[in-house]
Amino acid sequence: MISVVTAKDNDANTLPQALTLVQKSARDNYKVVFAGQMLPNSSFPGIAVGDPATKQLTADAKDLQMTPEKALEALGDVLTNEDSKQKGKFAESEFIKAIHAAQKSESENADEAKVSYKRSVTKGDTFAVSTPDGGAIVAGKLDNKALFERTENADPLKSGDKLTEQLLGSSSSNGNVESTYAEPVMFYIPASGSEDKIQLISADQVLLDVKEVD
């Protein structure tokens, strides 16, 4: 497994891309399992190619502040709940702020519908590599389902963008609607005992599906 940062040029205004590539065996081609723009004010821990202190880790790796899988679960809780008990474990992030602001706006503009969010870790999509300081770089994916439940006598739910309309097949709905998002993330977990916080390196939210549900 390889985690790298790359950019198309040296322009200071160009956002670098964080990538994770996986090779199943020495004869297989590498497969890109994560690709995303680095977030503002984030940094990528330096790793030298061939450094013996660097190795691939499992999703349940110990000797970190949290295992990679637990850190993903904690991040999902932080994104879902602005008052999460886990929020103090993560460094300040513009992505987290943007998600909270978007969810608040979505709830306020939901045409009397009740909006709830449920995030889970996508199993098998968690990749981790150790860093020389004892920490780890983790790439993973959260599955986010946003449920819009119409209250009694509520107005029809109306679409807010063209992609939602295309996936739903309509610009409005008289029933409940569920939107499914993929949230690919890359972050750095400090070593166990470190006073540093988990830092998001790259993150995104991609709408996958919109459908009416009972």
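Here the residue numbering is sequential within each chain, running from 1 through the sequence in written order. Where totals are concerned, whole chains, interfaces and linings use all residues; where local detail is concerned, this predicted model gives features only for residues with pLDDT of at least 70, and gives and counts side-chain atom pairs only at 80 or more. Each side-chain value is derived from all of the structure's non-hydrogen atoms; neither hydrogens nor water enter the calculation.

Visitor: Would you mind showing me how to read the overall build of the chain here?
Guide: Labels follow the DSSP assignment, with helices taken as runs of H or I lasting at least four residues and strands as runs of E lasting at least two, numbered in each case from the N terminus. Scanning the chain from terminus to terminus reveals three helices and 12 strands. Scored against the burial criterion, the 214 residues of the chain give a buried share of 39%. Pairs at least 24 apart in sequence give 63% of the contacts found in the chain among residues at least 6 apart. Throughout, the Shrake-Rupley method with a 1.4 Å probe supplies accessible areas, and for residues the shown protein chains are the sole cover considered. Total accessible area on the chain stands at roughly 12,400 Å², and carbon and sulfur atoms take up 46% of it. Accessible area is worked out with a 1.4 Å probe on protein chains only. A residue is then buried under 20% of its type maximum, exposed over 50%, and partly exposed in between. Residue contacts are counted whenever heavy atoms from the two residues lie within 4.5 Å of one another.

Visitor: Where do I start with unusual backbone geometry in this structure?
Guide: Where the residue is not glycine, phi is negative for most of them; where a peptide bond is considered, it is trans in most cases. Of note, Asn41 is a non-glycine position whose phi angle comes to about 65°, a positive value. Note on Asn41: relative accessible area 77%, which makes it exposed. Backbone geometry places Asp63, a non-glycine residue, at a positive phi of 60°. In this fold, Asp63 is placed in the loop between strand E4 (56-57) and helix H1 (68-80). The class for Asp63 is exposed, based on a relative accessible area of 65%.

Visitor: Explain H1 here, please?
Guide: The α-helix winds at 3.6 residues per turn, so residues separated by three or four positions along the chain end up facing the same way. Working rule for helices: expected span equals 1.5 Å times residues minus one. The terminal C-alpha atoms of H1, which comprises 13 residues, lie 18 Å apart, in line with the 18 Å expected from a rise of 1.5 Å per residue. Among the residues of H1, those classed as buried are Pro68, Ala71, Leu72, Ala74, Leu75, Gly76, Val78 and Leu79.

Visitor: Is there a simple way to explain the packing of H1 against helix H2 (residues 94-108) in this structure?
Guide: Packed helices, taken two at a time, are described by the angle their axes make and the gap between the axes. Between N-to-C directions, angles cover 0 to 180 degrees, with each direction set by a line fitted to C-alpha atoms, over the stretch in contact for helices. Packing of H1 against H2 brings their axes to within 8 Å, and their N-to-C directions diverge by 45°. The angle between the axes of H1 and H2 places the two elements in the oblique class. On H2, the residues that touch Leu75, Val78, Leu79 and Thr80 of H1 are Phe95, Ile96, Ile99, His100 and Gln103. The residue inventory of the contact of H1 with H2, partitioned by class, reads six nonpolar, three polar and no charged. To sort the angles, those under 35 degrees are grouped as roughly parallel, those over 145 as roughly antiparallel, those from 65 to 115 as roughly perpendicular, and the leftovers as oblique. Any residue that is not Ala, Val, Leu, Ile, Met, Phe, Trp, Tyr, Cys, Pro, Asp, Glu, Lys or Arg is counted as polar, Gly included; the first ten are nonpolar and the last four charged.

Visitor: Quick question: what am I supposed to make of the side chain of Glu178 here?
Guide: For Glu178, the location among the structural elements is in strand E10 (residues 176-189). Charge assignment in this entry is limited to Lys and Arg as positive and Asp and Glu as negative, and neither His nor the chain termini are counted. Just to be clear on terms, a salt bridge is a Lys or Arg side-chain nitrogen sitting within 4 Å of an Asp or Glu carboxyl oxygen. Buried within the structure, Glu178 lacks any salt-bridge partner; Lys211 is the closest side chain of opposite charge, at an N-O distance of 4.1 Å.

Visitor: Explanation requested: the sheet that holds strand E1 (residues 2-6) in the structure shown.
Guide: Sheet strands pair via backbone hydrogen bonds, and the direction of the pair is either parallel or antiparallel. By definition, two strands form a pair when at least two bridges between them are found by DSSP. Strands sit in the order E1-E2-E3 across an open sheet of three strands; the sheet is antiparallel. Every other strand in the sheet has two partners, leaving E1 and strand E3 (31-37) as the edge strands with one partner each. Averaged over neighbouring strand pairs, the angle between their axes works out to 20° when direction is ignored.

Just geometry here; none of it tells us what the structure is for.
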